[in-house]
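# Reading the structure
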Amino acid sequence: DAAPAVLPSLLLCDFGDLKGEVAKLHDAGARVLHLDVMDGHFVPNMTYAMPIVSGLRRHTDMPLDVHLMISDPLKYAGPMVDAGADMLTFHVEAVRDAAETAARIRDLGVSVGVALNPETPLGSLRECLANVDMVLVMSVEAGFGGQKFNPIALEKLQTLRSEFPDLLLQIDGGIDATTIGPARAAGCDLFVVGSAIFKKGDYKAAISTLDDQIRS
Ligand code: DX5
Ligand code: ZN
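Rules used throughout
Residues numbered from 1 in each chain as written. Chains lettered and ligands numbered in written order. Predicted model: local features only at pLDDT ≥ 70, side-chain atom pairs only at ≥ 80, totals over all residues. UniProt positions renumbered as here; feature names shortened; annotations may be inferred. Buried ≥ 20, exposed ≤ 12 C-beta atoms within 10 Å, placed from the backbone. Contact = placed C-beta atoms within 7 Å. Helix = DSSP H or I, 4+ residues; strand = E, 2+ residues; numbered from the N terminus. Axes fitted to C-alpha atoms, helices over the stretch in contact; angles between N-to-C directions. Parallel < 35°, antiparallel > 145°, perpendicular 65-115°, else oblique. Left-handed = near helix turned anticlockwise from the far one by under 90°. Nonpolar A, V, L, I, M, F, W, Y, C, P; charged D, E, K, R; others polar. Near = placed C-beta within 6 Å. Pairing = 2+ DSSP bridges.

Next up on the list: the UniProt feature "binding site: substrate" (unreviewed entry) in the chain. Summarizing the sequence annotation, UniProt attributes the feature "binding site: substrate" (unreviewed entry) to S9, H67, G143, F144, G145, G146, D172, G173, G174, G194 and S195 in the numbering used throughout. On the basis of neighbour counts, which here come to 23 C-beta atoms within 10 Å, the residue S9 falls in the buried class. Ignoring anything within four residues of it in the chain, the contact list for S9 reads H34, D36, G145, V192, V193 and G194. Following the sequence through the fold, G145 ends up in the loop between β6 (134-138) and α5 (152-163). Non-local contacts of G145, meaning those with residues more than four positions away in its chain, are made with S9, L11, L12, G194 and S195.

Here it is in structure tokens:
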């Protein structure tokens, strides 16, 4: 499986100083950025879209992992790739045909992930798994940072890992120094972190505390 990594989520950061935040995160050891795109429709919260993605693209070489919490991912997949996204993850709950959605995103030349919320069963992924590079197992309901970790994600990770040894697995929501170890033990590769980095002043200390637990 892939080298495990902590991915800072640009949701609870200082949006007035994105360039500075990206530089601080890179200095702190981050190597991939997770971008939370919300449309106020698929989820009740709104964040940002292509102009911010392209703005970030101008200021960093780090891969941009874009988490689309939007109702019509195919409508915006092309513009997101043009803006500089390296990976696009859509929600299985948002689309009628997940296999087709994944195939069309892959045709754009980026990696593709499929996400599922805590109440969504793994069976919903069955038809699309052959067309994705990654599964994002949500450990909170998509929409907001700072929510409590739901351990149902650990069961899903274990099941996916045992059935698909080579599939890239990502977890998102409530990851901190206590939950990251169990998620790693369940087979997860990529750990999205919001509060546990941005509520600390010292990003480097926060990231290395988390890194220590997934590399040991
Ligand atoms: C939730 C987002 C997450 C969130 C994680 O909808 O997808 O990326 O920012 O934040 P924490 O780590 O605070 O749960
Ligand atoms: Zn996310």
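Attention now goes to the packing of helix α1 (residues 18-27) against helix α2 (residues 50-59). The interhelical angle for the contact between α1 and α2, taken along N-to-C directions, is 50 degrees, at an axis separation of 10 Å. As summarised for this structure, α1 and α2 are arranged oblique, according to the angle between their axes. Between α1 and α2 the crossing geometry is right-handed. Residues L18, K19 and V22 of α1 form the contact with α2, whose own contacting residues are G55, L56 and H59. Grouping the amino acids of the contact of α1 with α2 by side-chain chemistry returns three nonpolar, two polar and one charged.

Moving on: the site of ligand 1. The environment of ligand 1 is made up of 21 residues, and the closest members are S9, L11, G145, G194 and S195. At the level of elements, β2 (33-38), β8 (190-193) and α7 (195-198) are the ones that each hand at least two residues to the shell around ligand 1. Among the residues making up the shell around ligand 1, the classes are represented as eight nonpolar, eleven polar and two charged.

On to the packing of α2 against helix α3 (residues 73-83). Between α2 and α3, the least distance of the axes is 8 Å, while the angle of their chain directions is 25 degrees. Here α3 runs roughly parallel to α2, going by the angle between their axes. For the element pair α2 and α3, the recorded crossing hand is right-handed. Contacts from M50, V53, S54 and R57 of α2 reach α3 at P79, M80 and A83. Counted by class, the contact of α2 with α3 contains five nonpolar, one polar and one charged residues.

Before going further, it helps to spend a moment on the UniProt feature "binding site: a divalent metal cation" (unreviewed entry) in the chain. In this structure's numbering, the residues bearing the UniProt feature "binding site: a divalent metal cation" (unreviewed entry) are H34, D36, H67 and D172. Across 139 residues of sequence, these annotated residues stay compact in space, with a maximum C-alpha separation of 10.5 Å. Structurally, the position occupied by H34 is in strand β2. Not counting chain neighbours up to four residues away, the residues in contact with H34 comprise L7, P8, S9, L10, D65, H67 and V192. One can find H67 in strand β3 (residues 64-69). If near-sequence neighbours (up to four positions away) are discounted, H67 is found in contact with H34, L35, D36, V37, T89, A115, L136 and D172.

What follows covers the environment of V95. Take V95: it is sitting in the loop between β4 (87-91) and α4 (98-107). Sequence-wise, V95 and Q147 are 52 residues apart; in three dimensions their C-alpha atoms are separated by 25 Å. Once residues lying within four places of it in the same chain are set aside, the contact partners of V95 are P73, F90 and T101.

Before going further, it helps to spend a moment on the sheet that holds strand β7 (residues 168-172). Read once around its circumference, the closed barrel built from eight strands follows the order β1-β2-β3-β4-β5-β6-β7-β8, with strand pairing classed as parallel. This sheet shows a mean twist of 25 degrees between the axes of neighbouring strands, independent of strand direction. Judged from the six bridges that link them, β2 and β3 form a sheet pairing that is parallel. What sits directly across from D36, in β3, is H67. α2 rests against β2 and β3 of the sheet, and its axis sits at about 170 degrees to β3.

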